[in-house]
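# Descriptive analysis of the structure
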There are 2 protein chains.
Amino acid sequence: MTSTERRAGRASERALADLREAILDGDLAAGAHLGEVEIAERLGLSRTPVREALTRLAAEGLVELEAHRGARVTRFSREDLDGIFDVRLALEPQATARAAQYVTPDDLAALDDLATTMLAVGAPGPDQDLDALVDLNRAFHARLLALAHAPALAAALANVVHTPVVTRTFRTYDADSLARSLAHHAEIVAALRAGDGDWAGAVMRCHLGNARAVMVEEQ
Amino acid sequence: MTSTERRAGRASERALADLREAILDGDLAAGAHLGEVEIAERLGLSRTPVREALTRLAAEGLVELEAHRGARVTRFSREDLDGIFDVRLALEPQATARAAQYVTPDDLAALDDLATTMLAVGAPGPDQDLDALVDLNRAFHARLLALAHAPALAAALANVVHTPVVTRTFRTYDADSLARSLAHHAEIVAALRAGDGDWAGAVMRCHLGNARAVMVEEQ
DNA sequence: CGTCCCGATGTTGTACGCAACCTAGGGTGC
DNA sequence: GCACCCTAGGTTGCGTACAACATCGGGACG
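All of these numbers come straight from a predicted model, not from anything done at the bench.

Bringing the sheet that holds strand β1 (residues 33-34) of chain A into the picture now. Residue and element names in this part refer to chain A. The 3 strands are arranged β1-β3-β2 in an open sheet whose pairing can be described as antiparallel. The outermost strands of the open sheet, each flanked by one partner alone, are β1 and β2 (63-66). In this structure, β2 lies alongside strand β3 (residues 70-73), joined through 4 bridges in antiparallel fashion. Note on β3: the bridge partner recorded for leucine 65 is alanine 71.

Spelled out as structure tokens, the structure:
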């Protein structure tokens with residue numbers, strides 16, 4: 001705790017980022033109790049910024065606060081997941097469609113690159129890296145959402161979806177579903193390149209339907 | 001400030017409720033700077049719970065925090081309002097439709113009461129009380145949303161809509177739009193009583209379209 | 001033997017003090 | 001006269017100490 005880069009911005013930001021990462025990566029199991037002092041000592045901070053981070057995570061829905069009883073990592077039930085997909089289906093296709101009218105060549109190139117990389121990384125074989133897909137997938141959806149130029153829509157999604165909680169791993173995907181999922185990304189890029197928002201939105205609906213089927217089957 | 005019921009639950013809850021109310025009621029103008037010490041002294045608290053309240057309000061989107069520069073009441077542009085209505089249109093009709101399958105006679109009675117009261121209070125004449133409509137409207141939509149049994153959907157809406165910011169007053173409604181709006185509430189109750197979710201959802205779409213027209217015209 | 005009460009212990013909630021930082025105003029140099 | 005710097009004031013960010021509360025264990029009573 002002496003030379004652990006003490007210039008990492010605001011302490012509360014560090015605590016927030018660290019906790020969020022730990023939760024989304026699954027290092028902190030759902031339902032786990034989060035003691036303020038424990039976290040503070042682990043990060044070399046005082047309880048104050050840790051408390052602030054927990055408060056913000058609670059607002060995001062990643063942890064739950066009980067009065068005088070501390071914080072717990074939120075546990076998502078199958079019904080919760082289903083409800084989350086309802087929200088995604090109501091908003092993300094719309095955002096994807098909107099993206100068609102704002103997309104630039106640079107955006108297209110970046111999205112194409114992400115989609116192509118995912119196809120390569122996700123292809124069956126010795127080089128398959130399902131873990132790498134998580135971040136790539138997250139980046140793809142985030143870029144797409146930003147493209148929609150709809151801050152309210154993005155905020156509504158961000159405060160509910162927690163993509164990596166929902167899509168924490170692609171290991172639960174069977175081969176066919178995974179192939180479909182990766183193809184969808186490429187097809188969305190094609191639709192955006194064609195300037196067809198309806199097409200892009202429809203693909204997103206397929207994408208989410210496919211994902212929902214995998215998720216619901218899982219639990 | 002000596003005997004102002006010092007047993008009002010957690011101090012941070014008081015600060016949160018007080019600030020939220022002040023913002024939603026318009027007592028704190030959009031863009032106003034919120035000094036922590038000023039608020040703390042006004043409420044007779046220390047800065048700590050005030051900070052926590054501001055953090056939570058920032059997560060809700062009601063205030064904006066800038067590092068080392070304090071908090072400001074969020075200013076909503078016309079585009080923001082438009083985006084908010086996009087989200088509402090994507091989610092609230094769906095929630096209303098879902099409500100049809102969970103509604104109980106008690107719920108129907110309560111919603112009917114709210115709708116009827118609003119019709120009476122909002123009717124043109126000497127007894128018209130447009131200010132009372134705000135809270136009634138809020139209660140109606142909140143009860144309806146709770147009925148949907150869709151926590152994710154409710155969370156997505158809550159973190160974006162801030163109903164009273166959007167519907168801070170009914171004074172901007174012209175007579176025809178106001179009459180339509182109040183009639184919609186009653187029609188939603190009728191649709192729910194008939195157990196017809198599609199109908200109820202459609203009315204909600206009308207309700208929001210009507211409101212959007214008034215809001216967009218306003219600014 | 002079971003149940004209830006009460007103290008011990010660890011946790012969260014709040015207050016307060018200090019350091020870091022941003023902003024504004026006056027002064028100096030060009 | 002204008003631009004820049006530098007100091008002073010005030011605010012936020014964080015650390016620390018204490019108070020309030022919840023939980024758990026032991027002991028006494030029925």
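Once you've had a look at it, read on.
Moving on, we come to the protein's contact with DNA strand C. Of all residues adjacent to DNA strand C, which total 19 residues, the nearest are A:Arg51, B:Ala11, B:Ser46, B:Thr48 and B:Arg69. Each atom of DNA strand C within 4 Å of the protein was classed as base or backbone; sugar and phosphate made up 70%. Residue A:Arg47 places a side-chain N or O atom 2.9 Å away from a base nitrogen belonging to DNA strand C. Separating a phosphate oxygen of DNA strand C from a backbone N or O atom of B:Ala11 is a distance of 2.5 Å. Breaking the surface near DNA strand C down by element, the ones donating at least two residues are β1 and α3 (47-60) of chain A together with α1 (11-24) and α3 (47-60) of chain B. It is α3(B) that contributes the most residues to the surface near DNA strand C, 3 residues altogether.

This part takes up helix α5 (residues 105-122) of chain A. Residue and element names in this part refer to chain A. Under the 1.5 Å per step criterion, the end-to-end length of α5 is 25 Å for 18 residues, consistent within 8% with the ideal 26 Å. Asp107, Leu108, Leu111, Leu114, Ala115, Met118, Val121 and Gly122 are the residues of α5 that are buried. Lining the buried residues of α5 we find α6 (130-147) and α9 (175-193).

So, about the domain arrangement of chain A. By a frequent convention, interface size equals the accessible area lost on bringing the separate parts together. Residue and element names in this part refer to chain A. Taken domain by domain, chain A holds domain 1 (11-73) and domain 2 (78-218). One C-alpha centre belongs to domain 1, the other to domain 2, and the line joining them spans 28 Å. Across the contact, 7 residues belong to domain 1 and 6 residues belong to domain 2. Summing both partners gives a buried area of about 480 Å² for domain 1 against domain 2, and 57% of it is carried by carbon and sulfur. Put simply, domain 1 and domain 2 have 0 salt bridges between them. Joining domain 1 to domain 2, the criterion identifies 0 residue pairs in polar contact (both at pLDDT 80 or more). For the side of domain 1 that touches domain 2, the elements supplying multiple residues, two or more each, are α1 (11-24) and α3.

To continue, consider the relation of the copies chain B and chain A. With an axial shift of 0.1 Å and an RMSD of 0.1 Å, the rotation relating chain B to chain A amounts to 180°. Taken together, the rotation and translation describe the operation of a two-fold axis. Distance from the rotation axis, computed per C-alpha, reaches its smallest value in chain B at B:Ala156: 2.2 Å. Take the interface residues of chain B: 100% of them recur as interface residues in chain A, which is what a same-surface contact looks like.

Conventions used here
Each chain has its residues counted from 1, running along the sequence as written. Here the convention is simple: chains get letters from A, ligands get numbers from 1, in the order in which they are written. Selection of residues for local features in this predicted model requires a pLDDT of at least 70, selection of side-chain atom pairs for listing and counting requires 80 or more, and totals for whole chains, interfaces and linings are taken over all residues. For the side-chain quantities, the full set of heavy atoms in the structure was used; hydrogens and water were omitted. Strands pair, by our definition, only if DSSP identifies at least two bridges between them. What counts as a helix is a DSSP run of H or I of at least four residues, what counts as a strand is a run of E of at least two, and both are numbered from the N terminus. Throughout, the term near means that a residue has one or more heavy atoms lying within 4 Å of the molecule or strand in question. Polar contacts, as used here, are pairs of N or O atoms within 3.5 Å; protein pairs need one atom able to donate a hydrogen and one able to accept it. Residues neighboring in sequence count only if both atoms are side-chain atoms. The span expected for a helix works out to 1.5 Å for each residue beyond the first. Buried, partly exposed and exposed residues are distinguished by accessible area as a fraction of the type maximum, computed with a 1.4 Å probe on protein chains only: under 20%, between the cut-offs, and over 50%, respectively. We call two residues contacting when some pair of their heavy atoms lies within 4.5 Å. Domain delimitation in this document rests on an assignment produced automatically or drawn from a domain database. Here the buried area means the combined drop in accessible surface, using a 1.4 Å probe, for two parts upon being joined, counting both sides. A pairing counts as a salt bridge when a side-chain nitrogen of Lys or Arg comes within 4 Å of a carboxyl oxygen of Asp or Glu. In this comparison the copies share one frame, found by least squares on the C-alpha atoms of residues holding pLDDT of at least 70 in both.

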